[in-house]
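Observations on the three-dimensional arrangement
Residue-level listing of the chains:
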Amino acid sequence: MTLARGAALIAVLLFSSIAASPQSLSLPLSQQSSQKTAGGWYTASPGESGLSDARLRSLDAAVRSGEFKKIGSVLIARHGKLAYEGYFDGNGDGGAATLRDTRSATKSITDVLIGIAIDEHKLSGVDTKVLELLPDRARRIQNPDPRKSAITVEDFLTMSSPLECDDWNDASRGNEERMYLVEDWAQFILDLPIRGRMHAGERLEAPPYGRYFSYCTGGVFTLSEVLEKVTGTRTDRYALEKLFRPLGITNVEWFYSPMDIPQTGGGLRLNSRDLLKIAQLYLDGGQWQGKRIVSEEWVRRSTRPHARIDEATEYGYLWWLKSFKSGEKSYPAFFMSGNGGNKVVAIPVLDMAVVITSTNYNTHGMHEQTEKILTDYVLAAVE
């Protein structure tokens, strides 16, 4: 997510730093064995995890040599244990405690919170109508249209609402950069006109899964108000109670709208180990180290395709779905993705979670670089 510099955003550090900052693993990779780190992870050596020590050393050398630009960290968990972590941005604490600005990657955390709210029967389901939950906004809405009344929570989870909102199109009236210039972000989104689609011929072919994908940060932000309405708790506090504390996450930084609403459309900052916990949580079917946080059914539903982006990529509930090829093998994955080339990846067939943080914001080839690290080094390390 690109945050406009002129927007009235207030970043608030919610919780004090961990008393003793976690340190990077300092033992040689071959000597790392099972132990619990300050970040709450059990660790294992690459060899114990079925990973090539030599290939991971070559990854470290490639990043440090400058072959890959502006990479902050690379972490790998295998079979639920932290097997490799590298920090490359020179912070005094080794980088383990650094809060990472992964932009839109943290949209996927909003999916987790929606799932928890449904599990608790505070939200009846994804087919709930958004404007029925937000009647004050419905009364003030501009560009009224019956299709707006039919917009559901699922429409925002799948980036497929009918609103004219497209962050990938600078000319779109709903582009997020325009949203940041006004005070009331949710009303800005809900006031948008219905999107039109020019097409050749008289017939418009139905899209795969019956949904037209259009990347819209503002729709995901509107879910922050939905969550507060149904839970009676502001979203940042709900996340602390229901997700972060159970995961052992104690240090986060939110962005807020000018009206002091937590930005659930991205920009939430966590350290790399804590980002990895989100992927591991879903790899383990909604459990963290044996503790249930969100239902397995919700995890399955969130990580199956609901919209198609292109021939190689589909979209779940705020999770990207794609296969990554390494050598002759292809590995289906679901992942969080954000501006700068940030990736938090879960690969079920390998029981592997990977975090790659990067600050190549608004740079051509940012995601291709990250994917090269993933395919040519991380996946290539699997023995």
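A short tour of the structure in this document, coming up. (Residues numbered from 1 in each chain as written. Predicted model: local features only at pLDDT ≥ 70, side-chain atom pairs only at ≥ 80, totals over all residues. Heavy atoms only, no water.)

Residues Leu-243 and Phe-244 are the most contacted members of the largest nonpolar core, which totals 111 residues. Excluding its chain neighbours within four sequence positions, the residues that come into contact with Leu-243 are Ile-109, Val-112, Leu-113, Ile-116, Tyr-238, Ile-278, Leu-281 and Ile-293. (Core = buried A, V, L, I, M, F, W, Y, C linked by side-chain atoms within 4.5 Å. Buried < 20%, exposed > 50% of the residue type's maximum accessible area, 1.4 Å probe, protein only. Contact = heavy atoms within 4.5 Å.)

Here we come to the state of the cysteines. For the structure shown, the criterion picks out one disulfide. There is a disulfide in this structure between Cys-165 and Cys-216, and the S-S distance comes to 2.1 Å. Disulfide Cys-165-Cys-216: the torsion about the S-S bond is 90 degrees, which places it as right-handed. Of this pair, Cys-165 sits in the loop between helix 6 (153-157) and helix 7 (176-179) while Cys-216 sits in the loop between helix 8 (185-190) and helix 9 (217-231); the two residues are 51 residues apart in sequence, bridging distant segments of the chain. Like Cys-216, Cys-165 is buried. (Disulfide = S-S within 2.5 Å. Helix = DSSP H or I, 4+ residues; strand = E, 2+ residues; numbered from the N terminus.)

Structurally, the position occupied by Glu-85 is in strand 3 (residues 81-87). We classify Glu-85 as buried; its relative accessible area is 8%. Of note is the side chain of Glu-85, whose polar atom sits 2.7 Å from the side chain of Tyr-87. A polar contact of 2.9 Å, which involves the side chain of Glu-85, links it to the side chain of Arg-273. (Polar contact = N/O pair within 3.5 Å; in protein donor to acceptor, adjacent residues only side chain to side chain.)

It is worth spelling out the layout of surface pockets at this point. Its volume calculated, the largest pocket comes out at about 660 Å³. Around the largest pocket sit 27 residues that line it, and Trp-168, Trp-320, Asn-339, Met-366 and His-367 are the ones nearest its centre. When contributions to the lining of the largest pocket are tallied by element, the ones reaching two or more residues are helix 7, strand 9 (320-326), strand 10 (329-338) and helix 13 (366-378). The element best represented in the lining of the largest pocket is helix 13, accounting for four residues. Looking at the lining of the largest pocket, its residues break down into seven nonpolar, 11 polar and nine charged. (1 Å grid on protein atoms, 1.4 Å probe; cavity = no way out; pocket = protein on both sides within 12 Å on 5 of 7 lines; lining within 4 Å. Points joined across faces, edges and corners; volume = space filled by probe spheres on them. Nonpolar A, V, L, I, M, F, W, Y, C, P; charged D, E, K, R; others polar.)

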